[in-house]
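Geometric and topological summary
So the chains spell out like this:
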Amino acid sequence: MLEELIYEDIENLNNIVLVDVRSEIEYKNAHIPGAINIPILDNDERCEVGTLYDRVSYELAKIKAVEYVSKKLPELYKKYLDLEKNYEEIVIYCDRGGYRSTVLEKTFRALGMHISKLGGGYKAYRKYITKKLDEYLDRIKVLSLYGLTGTHKTYIIRRLEEDGIKVLDLEKYANHRGSIFGSVGLKEKVSQKMFDSYIYEAIKKDPDATYITEGESRRIGDIILDEKLYAKMLSSDKILIEASLDERAKNISEDYLPKDNEEEILETFEEFKKFISKERYEKYKEMLLAKDYIELIKDMMKSYYDPKYSYKNYEYIKTFKDASYEDIKEFVKKHLTL
């Protein structure tokens, strides 16, 4: 391969591996999906080199970087040799396609390794997919599932995906369930950039298809939906999922209340108190501490969550009341062939 590639040249190639050489924190914040992280400078080393660059001199920063990298080159080389055994080509990238990726690419290529760098680094990738995502969101069609909290819309979306139907699982991409308690039990926050990448990955192979998604507000936790996608959801054909209060409370308790989530629920409940009266908060806290979960969930839905839903006046092509997954799947499949 060439020494320097652009993302468009490689995104659909097989048997290559993308290696993110940035620090662990940069990778965690946002990276190209599927890339592995082998930092050339770790978090502390990068911070020190950056401080020298900003406050002392570029030359001293380079000297310090070379000092760190030279010590770990043998270990890095072994890792890349292991990758070379399993992949035809290794493509590395840093933030802008600059010093970090260039050093490794030049060094390992000189040793005969099949390695290239991504021109422009992560920033070039980000620019590319932002443009393509905007184009693809103009083209896709959407079929949206709506329903009150606890109607298992997310469960339905994921079963449909397992059965080969194209979906946009927005809550999975955001790693959030879309409510005040939506992050309970979901440990890692997802950045807006990673969320956008997951959307792009989901639709890039077929941007003219119809995707099933859950009718969401424009914000899912800290994530904000693209304006075009949100507009498509609002104007899309819609299916309404209904279930009894008892069934919804059961579903929510199963999703949110494993034993190892109890402390996190208590912490999140402190945030919830600013949205309700003091009297109701005290009542709910008492029920929570008494582990009266089902009655607490029912009360919260009736008095807080259900009244907040604004989709009751939407037009629906189909309403399912206590329906089986198979009934919903068959309807969706027939609708997609129309």
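Scroll up to find the structure.
Figured I'd write up the structure that's included with this text. Keep in mind that what you see is a predicted model, and the values were worked out from it rather than measured.

1. Concerning the overall build of the protein chain
Secondary structure summary: the protein chain contains 15 helices and twelve strands in total. Considered along the principal axes of its C-alpha atoms, the protein chain spans approximately 65 × 50 × 35 Å. Buried positions account for 46% of the 338 residues belonging to the protein chain. Here the analysis covers contacts within the protein chain between residues at least 6 apart in sequence; of these, 72% occur between residues at least 24 apart. If you sum the accessible surface of the protein chain, you get close to 18100 Å²; carbon and sulfur atoms cover 50% of it.

2. Brief notes about the environment of F275
Position of F275 relative to the elements: it lies in the loop between α12 (262–272) and α13 (278–289). For F275 and Y304, which are 29 residues apart along the polypeptide, the C-alpha to C-alpha distance reads 8.8 Å.

3. As for the packing of α13 against helix α14 (residues 293–308)
Where α13 meets α14, the axes come as close as 8 Å, and the angle between the chain directions of the two elements is 155°. The orientation of α13 relative to α14 falls into the category roughly antiparallel. Remark: the crossing between α13 and α14 carries left-handed chirality. Counted together, R280, K283, Y284, M287 and L288 of α13 and Y293, E295, L296, D299, M300 and S303 of α14 form the full contact between these two elements. Residue classes in the contact of α13 with α14 are distributed as six nonpolar, one polar and four charged.

4. Side note on the layout of surface pockets
Of the pockets and cavities examined, the second largest pocket occupies roughly 560 Å³. Lining the second largest pocket are 17 residues, and of these V49, G50, Y53, Y99 and R100 lie nearest its centre. Listing elements by their share of the lining of the second largest pocket, those giving two or more residues are α3 (43–55), α4 (58–86) and α5 (99–110).

5. As for empty space enclosed by the protein
Counted by the stated rule, this structure contains two cavities of 30 Å³ or more. As for the second largest cavity, its lining consists of L133, L137, F195, D196, I199, D226 and L229. At three residues, the largest contribution of residues to the lining of the second largest cavity is made by helix α9 (residues 192–203). For the lining of the second largest cavity, the per-class residue count stands at five nonpolar, no polar and two charged.

6. Brief notes about the sheet that holds strand β5 (residues 115–118)
Judged by pairing direction, the sheet is parallel, and its five strands sit side by side in the order β1-β5-β4-β2-β3 without closing on themselves. For this open sheet the edge positions go to β1 (4–5) and β3 (36–37), each flanked by a neighbour on one side alone. The pairing of β1 with β5 spans two bridges and is parallel. Counterpart to L5 in the pairing with β5 is L118. Against the sheet, α5 contacts β4 (89–93) and β5, and its axis sits at roughly 165° relative to β5.

7. Remarks on the packing of aromatic side chains
Tallying each qualifying case throughout the model produces 13 aromatic pairs. Plain terms: the ring middles of Y122 and Y125 are 5.5 Å apart, the flat faces sit at 45° to each other, and that makes the pair tilted. Here the residue Y122 and the residue Y125 both occupy positions in helix α6 (residues 121–139), the gap between them amounting to three residues, near one helical turn. Taking the relative accessible area as the measure of exposure, Y122 reaches 3% and is therefore buried. Judged by relative accessible area, which is 0%, Y125 ranks as buried. Aromatic side chains Y304 and Y305 sit 5.0 Å apart centroid to centroid with 90° between the ring planes, which places their arrangement in the edge-to-face category. Exposure class is identical for Y304 and Y305. Each is buried.

8. Quick look at the sheet that holds strand β6 (residues 141–146)
Pairing in this open sheet of five strands is parallel, and the strands run β7-β8-β6-β11-β12 from one edge to the other. Single-partner strands in this sheet number two, and they are β7 (167–168) and β12 (318–321). Bridge analysis of β6 against strand β8 (residues 210–214) gives five bridges, and the strand direction is parallel. Each residue of the ladder has a partner; that of L145, found in β8, is E214. Where helix α7 (residues 153–162) meets the sheet, it contacts β6, β7, β8 and β11 (237–242), and its direction lies at approximately 150° from that of β8.

9. Focus on the side chain of E89
On the secondary structure map, E89 appears in strand β4. Of the polar contacts made by the side chain of E89, one reaches the backbone nitrogen of I115; its length is 3.4 Å.

10. Regarding the nonpolar core
Of all hydrophobic cores here, the largest spans 39 residues; its most connected members are Y7, I32, L168, L170, I199, I203 and L229. For this core, the elements supplying multiple residues, two or more each, are α1 (7–10), β2 (16–20), β4, α6, β6, α8 (170–174), α9 and α10 (227–235). Discounting residues that sit within four places of it in the chain, I32 has contacts with Y7, L18, Y93, L118, Y122 and Y125. Among the nonpolar cores identified, the runner-up in size contains 22 residues, and V17, I40, L41 and L104 belong to it.

11. Concerning α14
With 16 residues, α14 should cover 22 Å at 1.5 Å per step; its first-to-last C-alpha distance of 21 Å lies within 8% of that length. The largest bend in α14 amounts to roughly 50° and is located at M301. Buried residues of α14: Y293, L296, I297, K298, D299, M300, M301, Y304, Y305 and D306, and no others.

Procedures and definitions
Residues numbered from 1 in each chain as written. Predicted model: local features only at pLDDT ≥ 70, side-chain atom pairs only at ≥ 80, totals over all residues. Heavy atoms only, no water. Helix = DSSP H or I, 4+ residues; strand = E, 2+ residues; numbered from the N terminus. Buried < 20%, exposed > 50% of the residue type's maximum accessible area, 1.4 Å probe, protein only. Contact = heavy atoms within 4.5 Å. Areas by Shrake-Rupley, 256 points an atom, 1.4 Å probe, with all protein chains shown as cover. Axes fitted to C-alpha atoms, helices over the stretch in contact; angles between N-to-C directions. Parallel < 35°, antiparallel > 145°, perpendicular 65-115°, else oblique. Left-handed = near helix turned anticlockwise from the far one by under 90°. Nonpolar A, V, L, I, M, F, W, Y, C, P; charged D, E, K, R; others polar. 1 Å grid on protein atoms, 1.4 Å probe; cavity = no way out; pocket = protein on both sides within 12 Å on 5 of 7 lines; lining within 4 Å. Points joined across faces, edges and corners; volume = space filled by probe spheres on them. Pairing = 2+ DSSP bridges. Phe/Tyr/Trp six-rings, centres within 6.5 Å; stacked < 30°, edge-to-face > 60°. Polar contact = N/O pair within 3.5 Å; in protein donor to acceptor, adjacent residues only side chain to side chain. Core = buried A, V, L, I, M, F, W, Y, C linked by side-chain atoms within 4.5 Å. Expected span 1.5 Å × (residues − 1). Bend = angle between axes of the 7 residues up to and from the residue.

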